[in-house]
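Results of the structural survey
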Amino acid sequence: MRRVGRRAPVTDAGSIGRLAVRLNQRLLRAPRVCVLGELNSGKSSLVNVLLGNAVLPTSACANTRLPIRIFRSNRSTLAIETGDHERVEISSDQLTPDLLSDAVMLHAGLPLERLESFEIVDTPGLQSGDERLCDRATDACRQSHLAIWCSTATQAWKASELGIWQSLPKRLRMNGILAVTFKDTIGSREDEGRLWARIKAEAAPHFKTVVMISARDAIVARELADRSKGDQMWHVSGAAELMQAVDRHVSGLIMERVRGAERLLNSALSGSPYQALSA
Amino acid sequence: MKFDTVAPVAAASSFAAPLSSRAPHDDRIGGKLEQIRVRLLAMATELAPRLDSLSQPLLEQACGVLERRTCRIAVIGQIKAGKSTFINALCGRPGLLPADINPWTAVVTLLQFRNAPEPPSPAARFAMFSATEWSNLAAGAGRLRQLTEQLVPGFRSDLLKAQFELMRARAERRLGSSFDTLLGETHAYDHITRDLLTDYISAGDDPGSGDHGVARMCYSDITRTAELFFSQGPFAFPITLIDTPGTNDPFLVRDEITRRSLENPDIFIFVISALQPLTTADISMLRLINGLHKDRILVFINRADQLADPVNDGAIIQARVAQRLQAEFPALKIPVVLGSAAWANFGLQGPALDARSVARFLTPALMAANGIEVHPGLMAGGESPHDRAYAAHALYVAAGFPKVAAALNHMIATSTSAALLSHVTTCLLELTRGKEVALRMELQSLSGLLQARQSETAAFQDKVQQERKVLAEFDKRAAHLHAVLDEIETHLGDIVTKNVTPLRAELGVIVTAFANAKAAAMERSLRRDDVRDRWVCNVMPLREELEVCYLRWCGQLAAELAEIETEIQPILRQAVETLMPGAGSDFDVPPRAIAVHRPSVQPLRQTVVMDLSVSWWKAWFAARPDPVDRAANLKTIIEGDFSPIVAELIREAESHFGWTIAHTLDKARAVAESILATVRRRNEQLIAEFEDWQRRGENAGQDHFESRQCRRAVELAGQRANLVADIGELSALIDTLNDATEPGM
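So, here is what we can say about the structure in this document. Quantities reported herein were computed from a predicted structural model and do not represent experimental measurements.

Description of the nonpolar core
- Core analysis: the largest hydrophobic core is formed by 139 residues, its most contacted members being Ala44(B), Val75(B), Val299(B), Ile301(B) and Leu395(B).
- When residues of this core are assigned to their parent elements, the largest contribution, ten residues, is made by helix α19 (residues 416–455) of chain B.
- Each of two domains, domain 1 (70–340 + 400–413) and domain 2 (415–738) of chain B, supplies a minimum of three residues to this core.
- Each residue touching Ile301(B), except ones within four places of it in the same chain, is listed here: Ile272(B), Ala274(B), Pro277(B), Ile317(B), Gln318(B), Val321(B), Val336(B), Val337(B) and Leu338(B).
- By size, the runner-up hydrophobic cluster in this structure holds 55 residues, among which are Val49(A), Phe207(A), Val211(A) and Val246(A).

Now the structure itself:
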């Protein structure tokens, strides 16, 4: 997604206009957040929390088989992206294993408010032994702007996770979030403190932000009738912290883009040639 | 062990209780094998006075094996899979080995179970690294560092070095001024306490990050091994349970410690988490430990209690794991048990269990799935001791541990330990048979002699003349027999030596071919696109190929040697023929299938450069931009790593077969000695008596002579009867041991 090339100096109003339109389109494009992790690390549950809705199936046996990109759209749509990057719209009852085996990604449009700020990609669990699934997951990740790595609290941060994380592009890692999931399975506050200490020492250096979250508690919190209790539970579950972190990172990314766009426009308006167009 | 008249019984008393006074069937794990072991020890003691002097060292050796042998069961898996908690549940001692939310076991811990009436002393023993070992470790001269240096010479891995530094600094901080004196020490204790184990085995917190108040001495950074001793447990057979720190640890030093600890256990219990069953890391580990050995691995899917729906999800997960194992290792039968160490530890509390705290687990579905009858009081939330005991029992069954025990029972019966017992039994049988034949011969000639006596004096005198002649030639014939046996030994040794060279060459060819293929593949793929981020070289196929070739060669050699060994019997028979004409036909010991020990393939389990993960490779790629250079370097690395491994395999084979040959010949010599000694003794005795009789005058001494010979005959018959009984029993034991290894059990 980086193109490096020389372009002709932009001097006339028409070209500047076209440049401005292009930059605007790019700014309007919602950043893509990719959720990664090893098998059963709670990615789909986390995505449900981010969406504010239980959209994805989450049992230990319902493992995601295909990256799913979820974006904002006025009506619910489903499209499948094939190996040659063509998108074909389908209905949910057309989802068969055969169809999925050739596909690279599923695109689901949902009319959810949350998706106005960012898109989300849920990926298949890594280290399952299925090379193709793992490749799809990492490819999906490379096409994203932000990455969240999920790691289960009870078996947190293994060497294999570090290995995979380090093989991802630096731009993703510098802005990465580590979500330690299944927080509700931690026995005591003391244990939580000890785990936190270890994560801080061993994992935090590789991420921008670390949060601990219980997706299950978060979802329960949302559905409580008593709102004040619900809000408190939402906070304790770590979901509030996660949302804040995601918002912060997304805003940071958008500001970076804005600044970049300004620079380009300024240099175009001042008539000097530019050399790189970074996407 | 001395074989005089007084000592043996006392020394063996704790083991040699006759079978009839024990329970007819020991229900604990390994019970059947233990019965056999105990009986064999008793028999070895009984046989000692009945056999000759050359047999004694072999008997002592057998006793040594029987007394010292334990069945080694290693519990391995990734960090936080639940290994320590599993071991606690398996040996019925919840809370024994400390566990924590973070990876906690830092030291390889051996739990030695050996049934005895008194508690063991010491109860725990901890050996520290020596000063040299420690400074090597801390300076990062460990294997992992060697490997990374090999990968990128001059490569100073920040991560690795930082971790070693951390460990050393931490150890020095924790142990303070006594640090230097502690190295090289061994500490022993008579009581095991929780604090003790935490101090020596657990990784411990970093100071200032949530200590438990009181500052404790934490030795785990410098503890090399920990041994805990128990004189009671759920095991009948002597067992060593091995707890390991766990693989896939981002703290690389502990990862390396685990790999080094896997020295040829009899059985592996591989613990995985139900939440992340059989990841790529698990499969690689399984490949590494397994090779082609059947019936040595049990997979336990732990943490079923953390599934949202343990019954249905659990069944699906178990089926998937079994399927995957079948696909990855089609030649093996790996039992898979789903369960929960946490539940088992609850269940072990028995009537003390707080049933309310576990009521939510004991759903009707769970009970039904495990074949447990629903107890009305339980379902109504009953609180009586009976209800609690029932809940505890139900939880223990649902935890999968009875199934684990059953699987272990079967695996122990077919393990290397069982094969070893079979080997010992065969040895005892051969010695006993040899002696029995010798006695039989003596008895026969004695009765022949007495018959001759009764008929005619002249015939008798002829016979004695014959015997005199035999005696005169005796030494020559004895020397000849020994010479033949020596020759056979040398011949067998030569065969081994002769075969080693082609094996070495063949293994070398396999390595070179693999290295070339990988180098070529790398060059090709580099020309296509940049694979830097994901490239990793899998050397498991190379290990497998080497193992197949090695074991096939060893099998062929063993068969060749066995064939030659069958020639030993006819030689012994011929010797008997010449020494006692006519008696040779009785000396026919039918050959028995002897369990062939396989030489160890431990050298193949060493970590090599290629086992390192992606992150190390990035640096390698960066240091070598030229594709041809990379490919060449790759080839060098593979060959450089595997040449010493091949050399070790060869050494292993040579020493293994050398030992086997020596042992076989020792047995043959012992049998030969039985025969020779018998013949010689009888001859000399006979001739002496005859001369004595002649001196005293014909009639007077006749009855004396006869009665004495009769007494001797009776004595011999009695001894022989004992030996025949022993032979019968030993044969039955071998049949039992061999039956256990039948497929389909």
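Here the narrative resumes.
Remarks on the pairing of strand β9 (residues 177–181) of chain A
All names here are of chain A.
- Within β9, five of the five residues are buried, which leaves the element mostly enclosed by the surrounding structure.
- Of the two faces of β9, the one holding Ile 177, Ala 179 and Thr 181 and the one holding Leu 178 and Val 180 are both buried throughout.
- Note that strand β8 (residues 146–152) and β9 share five bridges and pair parallel. Paired with Ser 151 across the bridge in β9 is Val 180.
- Here four bridges tie β9 to strand β10 (residues 209–212), and the two strands are oriented parallel to one another. Across the sheet, residue Ala 179 finds its bridge partner in β10, namely Val 211.
- Each parallel crossover has a hand, and the one from β9 via helix α7 (residues 189–202) to β10 is right-handed.

Observations regarding unusual backbone geometry
- At the junction of Ser121(B) and Pro122(B), the peptide bond is cis and its omega measures out at 0° in the coordinates.
- Even without glycine at this site, Asn40(A) takes up a positive phi of about 60°.
- Following the sequence through the fold, Asn40(A) ends up in the loop between β2 (32–37) and α2 (43–51).

Observations concerning helix α10 (residues 239–269) of chain A
- With 31 residues, α10(A) extends 44 Å between its outermost C-alpha atoms, agreeing within 8% with the 45 Å of an ideal straight helix rising 1.5 Å per residue.
- Among the residues of α10(A), those classed as buried are Ala239(A), Leu242(A), Val246(A) and His249(A).

What to know about the sheet that holds strand β5 (residues 87–89) of chain A
Residues and elements named next belong to chain A.
- Taken in spatial order, the nine strands line up as β5-β4-β6-β3-β7-β2-β8-β9-β10 in an open sheet, and their pairing is mixed. What marks the edges here is a single partner per strand, and that holds for β5 and β10. Direction aside, neighbouring strands of the sheet carry axes that sit 25° apart on average.
- Each of β2, β3 (68–72), β7 (119–122), β8 and β9 is contacted by α2, which is oriented at about 165° to β7, the strand it contacts most.
- Of the strands in this sheet, β2, β6 (103–110), β7 and β8 are in contact with helix α4 (residues 131–142), which crosses β2 at around 150°.

The rules behind the values
- Residues numbered from 1 in each chain as written.
- Chains lettered and ligands numbered in written order.
- Predicted model: local features only at pLDDT ≥ 70, side-chain atom pairs only at ≥ 80, totals over all residues.
- Core = buried A, V, L, I, M, F, W, Y, C linked by C-beta atoms within 7 Å.
- Buried ≥ 20, exposed ≤ 12 C-beta atoms within 10 Å, placed from the backbone.
- Helix = DSSP H or I, 4+ residues; strand = E, 2+ residues; numbered from the N terminus.
- Domains from an automatic or database assignment.
- Contact = placed C-beta atoms within 7 Å.
- Pairing = 2+ DSSP bridges.
- Right-handed = clockwise from strand over helix to strand, strands pointing away.
- Expected span 1.5 Å × (residues − 1).
- Axes fitted to C-alpha atoms, helices over the stretch in contact; angles between N-to-C directions.

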